[in-house]
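A structural walkthrough
Listed here are the chains, written in short residue letters.
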Amino acid sequence: MLQLFRNNSPFTVIVLFIFTLLVKFNVLLHPVTPVFIPGHFIYNYIIKGLYLVFRRGAFAYTMLGIIILFIQALYLKSISIRHKLFPRYTYIPAFVYLLITSIYPPFNTFSETLLLNWLLLGAMDIMFGFTQTTQPRKLIFNASFLLSMAALFQFTLLAFFFLLLVGMVMFRSFNLGEWSVALMGYATPLYFLACVLFLADKFYLFSEWPHIGFSLSSQVVSPFYLIVTLVALFILLASGVYAMQQNVAMSNIYIRRDWIALSFYLIISILVAILTDQEIKTAWLITIPALSIVISHALLLEKNKRFSNFIFYFSLVFLIFCLMANK
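So, here is what we can say about the structure in this document. (Residues numbered from 1 in each chain as written. Predicted model: local features only at pLDDT ≥ 70, side-chain atom pairs only at ≥ 80, totals over all residues. Heavy atoms only, no water.)

For the protein, the helix and strand inventory stands at 14 helices and 0 strands. Traced from its N-terminal end to its C-terminal end, the protein shows the element sequence α-α-α-α-α-α-α-α-α-α-α-α-α-α. Computed over the C-alpha atoms, the radius of gyration of the protein is 20 Å, within 12% of the 20 Å expected from 2.2 N^0.38 for a compact globule of 327 residues. Expressed along its principal axes, the backbone C-alpha trace of the protein runs to roughly 60 × 50 × 35 Å. Accessible surface, the protein as shown: approximately 15,300 Å² in total, 72% of it carbon and sulfur. The positive charge centre, built from 20 side chains, and the negative charge centre, built from 9, are 14 Å apart in the protein. (Helix = DSSP H or I, 4+ residues; strand = E, 2+ residues; numbered from the N terminus. Rg over C-alpha atoms; globule rule 2.2 N^0.38 Å. Areas by Shrake-Rupley, 256 points an atom, 1.4 Å probe, with all protein chains shown as cover. Lys, Arg positive; Asp, Glu negative; His and termini not counted. Charge placed at Lys NZ, Arg CZ, Asp CG, Glu CD.)

As a further point, take the pattern of salt bridges. Enumeration over the complete set of coordinates arrives at 2 salt bridges. Salt-bridge contacts for aspartate 125 lead to arginine 82; the nearest nitrogen and oxygen are separated by 2.7 Å. Of this pair, aspartate 125 sits in helix H7 (residues 112–127) while arginine 82 sits in helix H5 (residues 58–82), and the two are 43 residues apart along the sequence. Owing to a relative accessible area of 12%, aspartate 125 belongs among the buried residues under this scheme. Residues arginine 172 and glutamate 178 are paired through a salt bridge, measuring 3.0 Å at the closest nitrogen-oxygen approach. Considered together, arginine 172 and glutamate 178 belong to a single accessibility category, that of buried residues. (Salt bridge = Lys/Arg side-chain N within 4 Å of Asp/Glu carboxyl O. Buried < 20%, exposed > 50% of the residue type's maximum accessible area, 1.4 Å probe, protein only.)

Below, the discussion takes up the packing of H7 against helix H8 (residues 136–153). At their nearest, the axes of H7 and H8 sit 8 Å apart, and the two run at 160 degrees to each other. When the axis of H7 is compared with that of H8, the two are roughly antiparallel. The handedness of the crossing between H7 and H8 is left-handed. Contact residues: Glu112, Leu115, Leu116, Leu119, Leu120, Gly122, Ala123, Ile126 and Met127 in H7; Leu139, Asn142, Ala143, Leu146, Leu147, Met149, Ala150 and Phe153 in H8. (Axes fitted to C-alpha atoms, helices over the stretch in contact; angles between N-to-C directions. Parallel < 35°, antiparallel > 145°, perpendicular 65-115°, else oblique. Left-handed = near helix turned anticlockwise from the far one by under 90°. Contact = heavy atoms within 4.5 Å.)

For the rest of this paragraph, the subject is the environment of leucine 190. Positionally, leucine 190 belongs in helix H10 (residues 176–199). Judged by its relative accessible area of 25%, leucine 190 is partly exposed. Linking leucine 190 and methionine 149, residues 41 residues apart in sequence, is a C-alpha distance of 8.0 Å. The residues touching leucine 190, leaving out its near neighbours within four places in the chain, are Ser148, Leu152, Phe206 and Trp209.

Moving on, we come to the nonpolar core. Counting residues in hydrophobic clusters, the biggest one holds 105 residues, and the most contacted among them are Phe95, Ile100, Leu157, Phe160 and Trp259. Looking at this core, the element that brings in the most residues is H7, giving 10 residues. In this view, phenylalanine 160 contacts Leu120, Leu147, Tyr265, Ile268, Ser269, Val272 and Ile286; residues no more than four positions away in its chain are not counted. (Core = buried A, V, L, I, M, F, W, Y, C linked by side-chain atoms within 4.5 Å.)

A few words on the packing of aromatic side chains. This structure, assessed with the given rule, holds 19 aromatic pairs. Seen in terms of ring centroids, phenylalanine 95 and phenylalanine 312 are 5.6 Å apart; in terms of plane orientation they differ by 35 degrees. Their pairing is tilted. Here phenylalanine 95 is found in helix H6 (residues 92–100), whereas its partner phenylalanine 312 is found in helix H14 (residues 305–325), with 217 residues between them in sequence. Looking at phenylalanine 95, the relative accessible area reads 1%, which means it is buried. Positioned over the ring face of tyrosine 91 is lysine 77, at 4.4 Å from the centre of the ring. (Phe/Tyr/Trp six-rings, centres within 6.5 Å; stacked < 30°, edge-to-face > 60°. Lys NZ or Arg CZ within 6 Å of the ring centre and 35° of its normal.)

With 21 residues, H14 should reach 30 Å at 1.5 Å per residue; the first-to-last C-alpha distance of 30 Å fits that figure. Listed as buried for H14 are Phe307, Ser308, Ile311, Phe312, Ser315, Leu316, Phe318, Leu319 and Cys322. (Expected span 1.5 Å × (residues − 1).)

Attention now goes to unusual backbone geometry. A positive phi angle, near 55 degrees, is found at arginine 55, a position not held by glycine. Position of arginine 55 among the secondary structure elements: in the loop between helix H4 (41–54) and H5. On the accessibility criterion, arginine 55 (49% relative accessible area) is partly exposed.

Structurally, the position occupied by threonine 188 is in helix H10. For threonine 188, the contacting residues outside a window of four places in its chain are Phe141 and Phe145.

Here is the structure:
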């Protein structure tokens, strides 16, 4: 069964979509509508816009969230292939992303964090291309622009500015002009939003933007579920890191730098999730893209297929446990 997702066949997309509907079927049976988040005025305006289309149709919002997750999974797979993060073409990153997002029902609903993952993945995708481009300043501006846009949605994502610095240091030799472009790209969304709010006489909304909290899944079913989930995720992450050390050791210097940057992505996203308000139930969704790519190594370890098969079936048992616990 694991070999099915390891292949790069277009038919695997159909299998992945069927898998998505199966593991998220319970969420579709109990759909929810997105709620306004105090201080997150950009997201609140998006919800108001969607209300004109979906009204109070909870199923439509939930289905939209699942479709977005599915497309993000394919985008994650596309990033891994284009930047050669793995030694072979595979749908495993997409499979792992869909699996891990299914362990907690709120992850599968339409949310602000779901939109933020688009911006962060887009920025990381662009940053991976810093080393091999004839237009570095264009890419630098686009990456910094996306990271700044993400921070406008959620204040704690300002921490991802450090990811931009890491990318500039690792992927580019020092060039004052390029660093100026990076700062300009990061400042542009802030400048334009300030102008729009000032002209609309709503500049006071900027005072509601700074929000720092402490989010450690208070909405879980039980302490037992939380402990099992944390232990299982730690095992999957540790197995991914173990396999990554063997796979990356055979890669060139550019791919190694990509993996170092991805590790910083994971660390920063964990810190951001911890410092996010508790009322944002999907705060930890921000960690899953990087987490999924790291865990994918364990399922792609060619030298020890028993190990990769064990991790595959362990992840399925973990998924079934979470689906039953959240039923």
